[in-house]
Amino acid sequence: MKEAKWIWNNNKFVLWKNATTHVMSHGLHYGTGVFEGIRAYNGSIFRMEDHYKRFFNSSKVAGIKIPFSRNKLESCTSQLLLKNKLKDCYIRPLAFVGDGSIGINPASNKINVIIAAFEWGTYLGEKAMSKGIKMKISSFKRMSVNSFMTKSKICGNYINSVLAKKEALDQGYDEALLLDDNGYVSEGTGENIFIIKNGKIKTTPVTSILEGITRDCVFRIAEDNNISIKESKFTRDELYIADEIFLSGTAAEITPVREVDNRKIGTGKPGPITKLIQKEYSNIVLGKNPNYNNWLHPISN
Ligand code: PMP
């Protein structure tokens, strides 16, 4: 991550180093906040409207009322990128409960909203994109759907991902894969998962996962390329015998998986369908495929 000059903070542009908050902020103590992760490529913000729609849905689920309209946040995001002279970056909107009451009930504490934007390269590394990553089934389960709300990017939810990610890295893997409460494959710590067998793609139903916007892109790309794709539950051993596996996410983009639990997936190299989806996705975000231009939001005043 590379620091940018400006951060949008409660409707003001402030210098990065001045974008601070009180240590008694409710969100800091209890994770009461919601966030988004968006990328801009080559001067266009990718699926910005969909990300901000999800931001507002997250806030609805979490009961955190964002004191700005979606239009306002979208236009301030563009302005922030212009002010920071950023064309290729990661964008992090966050709404969190501020200081005041420190009881569990956030009461009438102010809701703070910030938008940060900064240069951030490939999430899992260049080698991950070309050669694939090594995953490990986590000893942590994906959070249970009646304890945490998986459709919402609530800050506190992410301790589940943090624990799983740390465990996987500590054990020498690149990323963790979490199973749901019933033992079916759920998702990565910040990515949805797809498996391919006999030319057909399968991905987890939305029940226990975050409904990824990149996941939605994968459906469109597969359909437009006449590749069969469906949502279906699958088990850990289906992963081991899949021909190909890949992950999707705004940060991770399309990342091939070359190993799960020390078992080589397919040939151990990114397979043809993974490579096709990866290439198409990259062309789309870079504006090289006009059929998908309605997903691009050019940065403008
Ligand atoms: N699952 C989780 C838990 C995530 O945090 C993310 C990243 N937002 C995703 C999946 C992928 O979602 P998207 O494609 O919208 O970035």
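This text goes with the structure placed above it.
A brief report on the enclosed structure follows. (Residues numbered from 1 in each chain as written. Predicted model: local features only at pLDDT ≥ 70, side-chain atom pairs only at ≥ 80, totals over all residues. Heavy atoms only, no water.)

At 3.6 residues per turn, the α-helix brings residues three or four places apart onto the same side. With 12 residues, helix H5 (residues 159-170) should reach 16 Å at 1.5 Å per residue; the first-to-last C-alpha distance of 16 Å fits that figure. By the burial criterion, the buried members of H5 are Asn160, Ser161, Ala164, Lys165, Glu167 and Ala168. One face of H5 carries all of its buried residues, which in axial projection span an arc of 165 degrees. Residues Lys166 and Asp170 are exposed on H5 and point more than 90 degrees away from its buried face. Those residues of H5 that are buried are in contact with strand S9 (175-179). (Helix = DSSP H or I, 4+ residues; strand = E, 2+ residues; numbered from the N terminus. Expected span 1.5 Å × (residues − 1). Buried < 20%, exposed > 50% of the residue type's maximum accessible area, 1.4 Å probe, protein only. Arc of directions from axis to C-beta. Contact = heavy atoms within 4.5 Å.)

It is worth spelling out the site of the ligand at this point. Within the structure, the ligand sits among 16 residues, and Tyr158, Glu187, Ile213, Thr214 and Thr250 are positioned closest to it. Between a nitrogen atom of the ligand and a side-chain N or O atom of Glu187, the distance comes to 2.6 Å. One of the side-chain nitrogen or oxygen atoms of Thr250 is found 2.6 Å away from an oxygen atom of the ligand. Starting from 390 Å² of accessible surface for the ligand in isolation, the protein chains cover 96%. Secondary-structure elements contributing two or more residues to the shell around the ligand are helix H6 (213-224) and strand S14 (244-249). (Near = heavy atom within 4 Å. Polar contact = N/O pair within 3.5 Å; in protein donor to acceptor, adjacent residues only side chain to side chain. Areas by Shrake-Rupley, 256 points an atom, 1.4 Å probe, with all protein chains shown as cover.)

Before going further, it helps to examine the layout of surface pockets. When its volume is computed, the largest pocket comes out at roughly 470 Å³. Forming the walls of the largest pocket are 27 residues, and the residues nearest its centre are Lys153, Tyr158, Thr189, Gly190 and Glu191. Those elements that provide at least two residues to the lining of the largest pocket are strand S6 (89-97), H5, strand S10 (185-188), H6 and S14. When residues of the lining of the largest pocket are assigned to their parent elements, the largest contribution, three residues, is made by H5. (1 Å grid on protein atoms, 1.4 Å probe; cavity = no way out; pocket = protein on both sides within 12 Å on 5 of 7 lines; lining within 4 Å. Points joined across faces, edges and corners; volume = space filled by probe spheres on them.)

What follows deals with the packing of aromatic side chains. Scanning the model with the defined rule gives 13 aromatic pairs in all. Summarising the aromatic geometry, the rings of Tyr90 and Trp120 are spaced 4.7 Å apart at their centres and angled 75 degrees between planes, so their arrangement reads as edge-to-face. You can see Tyr90 sitting in strand S6 and its partner Trp120 sitting in the loop between strand S7 (111-118) and helix H4 (126-131), a full 30 residues away along the chain. With relative accessibility at 6%, the residue Tyr90 sits in the buried group. Residue Trp120 is classed as partly exposed on the basis of its relative accessible area, which comes to 28%. Both rings, one in Phe194 and one in Phe246, keep their centres 4.8 Å apart while their planes meet at 10 degrees; by these two values the pair is stacked. Here Phe194 is found in strand S11 (residues 192-197), whereas its partner Phe246 is found in strand S14, with 52 residues between them in sequence. (Phe/Tyr/Trp six-rings, centres within 6.5 Å; stacked < 30°, edge-to-face > 60°.)

Any functional reading would require information that these geometric values do not contain.
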